[in-house]
Amino acid sequence: MANDPIIRIRDLSVRYHVARTGAWLTAVRHVDLDVYEGEFLTVLGPSGCGKTTVLNCLAGLVAPTSGELAVDGRPVTGPGPERAVVFQDYALLPWRTVTDNVRFGLEMQPRLRAGADERIAEAIQLVGLAGFEHSYPRELSGGMQQRVGLARALVADPRILLMDEPLGAVDALTREVMRAELERIIAATGKTVVFITHGIDEAIQLGDRIAVFSSHPGTIKEIVPVDLPRPRSAHANTTAYQDLRHHLWKCLEADATAAAMGATE
Ligand code: ADP
Ligand code: MG
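Residues numbered from 1 in each chain as written. Chains lettered and ligands numbered in written order. Predicted model: local features only at pLDDT ≥ 70, side-chain atom pairs only at ≥ 80, totals over all residues. Heavy atoms only, no water.

Novice: Teacher, can you tell me more about the overall build of the protein here?
Specialist: Assigned secondary structure in the protein consists of 7 helices and 10 strands. With respect to the three principal axes, the spread of C-alpha positions in the protein is 50 × 45 × 40 Å. Expressed as a percentage of its 265 residues, the buried residues of the protein come to 50%. Sequence separation of at least 24 residues holds for 70% of the intrachain contacts in the protein that already meet a minimum separation of 6. Accessible area for the protein stands at about 12,900 Å²; split by element, carbon and sulfur atoms hold 54% of it. Averaging the coordinates of the 27 positive side-chain charges in the protein and doing the same for the 33 negative ones gives two points 3 Å apart. (Helix = DSSP H or I, 4+ residues; strand = E, 2+ residues; numbered from the N terminus. Buried < 20%, exposed > 50% of the residue type's maximum accessible area, 1.4 Å probe, protein only. Contact = heavy atoms within 4.5 Å. Areas by Shrake-Rupley, 256 points an atom, 1.4 Å probe, with all protein chains shown as cover. Lys, Arg positive; Asp, Glu negative; His and termini not counted. Charge placed at Lys NZ, Arg CZ, Asp CG, Glu CD.)

Structure (structure tokens):
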């Protein structure tokens, strides 16, 4: 990939002021990352290593303390229509139907007002929720609620999808099914994706490359290309898959041990 990256992060650091203690906490430090158009990049790391912080910076929801962050060569100064976020906890509006939750993805964008109903219907169809247009979030399973979150992100046709452990809160079986569907949808739409996970298999099955984070403070430890044919789940028993899995596990192990021992900043 010799062309310019669509996402470029240079020497990103984020510190939070912790109101309770009055102290500063370095959440991420010296992060460098390029993501290319059409790429599916998974970000793998233990909880607390700063994954959400980096994603929120990309979304324009958190301002970096220092460093550079650009999309298409333009500095990120806030949210933008070319980026959409899928949140771990779905973040649906409980008083709105499926259709109106998906509509929310268009509401900040007057240029998309024409043809909104068709766009919404298409997005609902794409994520497999046709027939549930008039349901409320409370009437849907976790997996279905996250489909709504995905449709809301896709409806404005963003170039970049920022996904923060989107399958983290759904049951294991649903997660398998949705992973495969997500792969299909992304392949069909050609989106650039940054997908956060703490699951090694999820990172391997979805990623063209995997950015492995370590914590205390959070930074990128290694970027690993995944040279395995898709669907990866069909190759899980191969030596190549198992070697990669082992490598990633070793990468994470030191951190996991430190976390289990209660290591602090
Ligand atoms: P991850 O998504 O990998 O679990 P986060 O980016 O959520 O990690 O958090 C990284 C670190 O920053 C953690 O120690 C977390 O407690 C801290 N943190 C995250 N958000 C805030 C905030 N708004 N204020 C203070 N500390 C925060
Ligand atoms: Mg997180």
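Novice: How do you make sense of the pattern of salt bridges when you look at a structure like this?
Specialist: Opposite charge on two side chains lets them pair, provided their charged atoms get close. Enumeration according to the criterion identifies 18 salt bridges in this entry. Note that E37 and R159 form a salt bridge whose closest N and O atoms lie 2.9 Å from each other. Here E37 is found in the loop between β2 (24-35) and β3 (40-44), whereas its partner R159 is found in the loop between α4 (142-154) and β7 (160-164), with 122 residues between them in sequence. When salt bridges that share partners are traced, they join E37, D72 and R159 into one network. (Salt bridge = Lys/Arg side-chain N within 4 Å of Asp/Glu carboxyl O.)

Novice: Would you take a moment to explain the site of ligand 1 for this structure?
Specialist: Taken together, Y16, L25, A27, P46, S47, G48, C49, G50, K51, T52 and T53 make up the full set of residues adjacent to ligand 1. C49 has a polar backbone atom sitting 3.2 Å from an oxygen atom of ligand 1. Between ligand 1 and G50 there is a distance of 3.0 Å, counted from an oxygen atom to a backbone nitrogen or oxygen. Surface burial for ligand 1 is 63%, taken as the share of its 560 Å² of free accessible area covered by protein chains. Those elements giving two or more residues to the shell around ligand 1 turn out to be β2 and α1 (51-59). (Near = heavy atom within 4 Å. Polar contact = N/O pair within 3.5 Å; in protein donor to acceptor, adjacent residues only side chain to side chain.)

Novice: Help me understand the environment of V193 in this model?
Specialist: Among the secondary structure elements, V193 is positioned in strand β8 (residues 192-197). A relative accessible area of 0% means that V193 is categorised as buried. Along the primary structure V193 and A234 are separated by 41 residues, whereas in three dimensions their C-alpha atoms are 22 Å apart. When sequence neighbours within four positions are dropped, the list of residues in contact with V193 reads E39, F40, L41, L161, M163 and I186.

Novice: I'm lost on the nonpolar core in this one. Help?
Specialist: Within soluble globular proteins, side chains that are nonpolar generally end up buried alongside one another. Counting 35 residues, the largest nonpolar core has V102, L150, L161 and M163 as the members making the most contacts within it. When residues of this core are assigned to their parent elements, the largest contribution, 6 residues, is made by α4. The contacts of L150, once residues within four sequence positions are left out, are V86, V127, L161, M163, L182 and I185. Among the nonpolar cores identified, the runner-up in size contains 29 residues, and I7, C57, L162 and I220 belong to it. (Core = buried A, V, L, I, M, F, W, Y, C linked by side-chain atoms within 4.5 Å.)

Novice: Help me understand the sheet that holds β2 in this model?
Specialist: Paired through backbone hydrogen bonds, the strands of a sheet run either parallel or antiparallel to each other. Strands sit in the order β2-β1-β4-β5 across an open sheet of 4 strands; the sheet is antiparallel. On the outer flanks of this sheet lie β2 and β5 (74-75), each paired with one strand and no other. Against the sheet, α1 contacts β1 (7-17), β2 and β4 (66-71), and its axis sits at roughly 115° relative to β1. (Pairing = 2+ DSSP bridges. Axes fitted to C-alpha atoms, helices over the stretch in contact; angles between N-to-C directions.)

Novice: Just to check I follow, could you spell out empty space enclosed by the protein for this structure?
Specialist: To find leftover empty space, a probe the size of one water molecule is rolled over the atoms. Counted by the stated rule, this structure contains 2 cavities of 30 Å³ or more. Looking at the largest cavity, its volume works out to about 90 Å³. Around the largest cavity sit V86, V127, Q146, R147, L150, M163, P166, L167, M178, E181, L182 and I185, which together line it. In terms of residues, the lining of the largest cavity owes the most to one element, helix α5 (residues 172-189), which gives 4 residues. Here the residues of the lining of the largest cavity are counted per class, giving 9 nonpolar, 1 polar and 2 charged. Reported here for the second largest cavity is a volume of approximately 40 Å³. As for the second largest cavity, its lining consists of L33, V43, K51, V54, L55, V194, I196 and F213. Listing elements by their share of the lining of the second largest cavity, those giving two or more residues are α1 and β8. The greatest single-element share of the lining of the second largest cavity, amounting to 3 residues, is contributed by α1. (1 Å grid on protein atoms, 1.4 Å probe; cavity = no way out; pocket = protein on both sides within 12 Å on 5 of 7 lines; lining within 4 Å. Points joined across faces, edges and corners; volume = space filled by probe spheres on them. Nonpolar A, V, L, I, M, F, W, Y, C, P; charged D, E, K, R; others polar.)

Novice: Please explain the pairing of β8 as it appears in this structure.
Specialist: Strand residues, when the strand is regular, have side chains that alternate between the two faces of the sheet. For β8, the tally of buried residues reaches 6 of 6 residues, placing the bulk of the element in the interior. Going residue by residue along β8, you find T192, V194 and I196 tucked away on one face and V193, F195 and T197 tucked away on the opposite face as well. Taken together, the 5 bridges between β3 and β8 define a ladder with parallel strand orientation. Residue pairing across strands places L41 opposite V194, the latter belonging to β8. Relative to β8, β7 runs parallel, the two being bridged by 5 bridges. Bridging from a neighbouring strand, M163 pairs with F195 of β8.

By themselves these figures say nothing about function.
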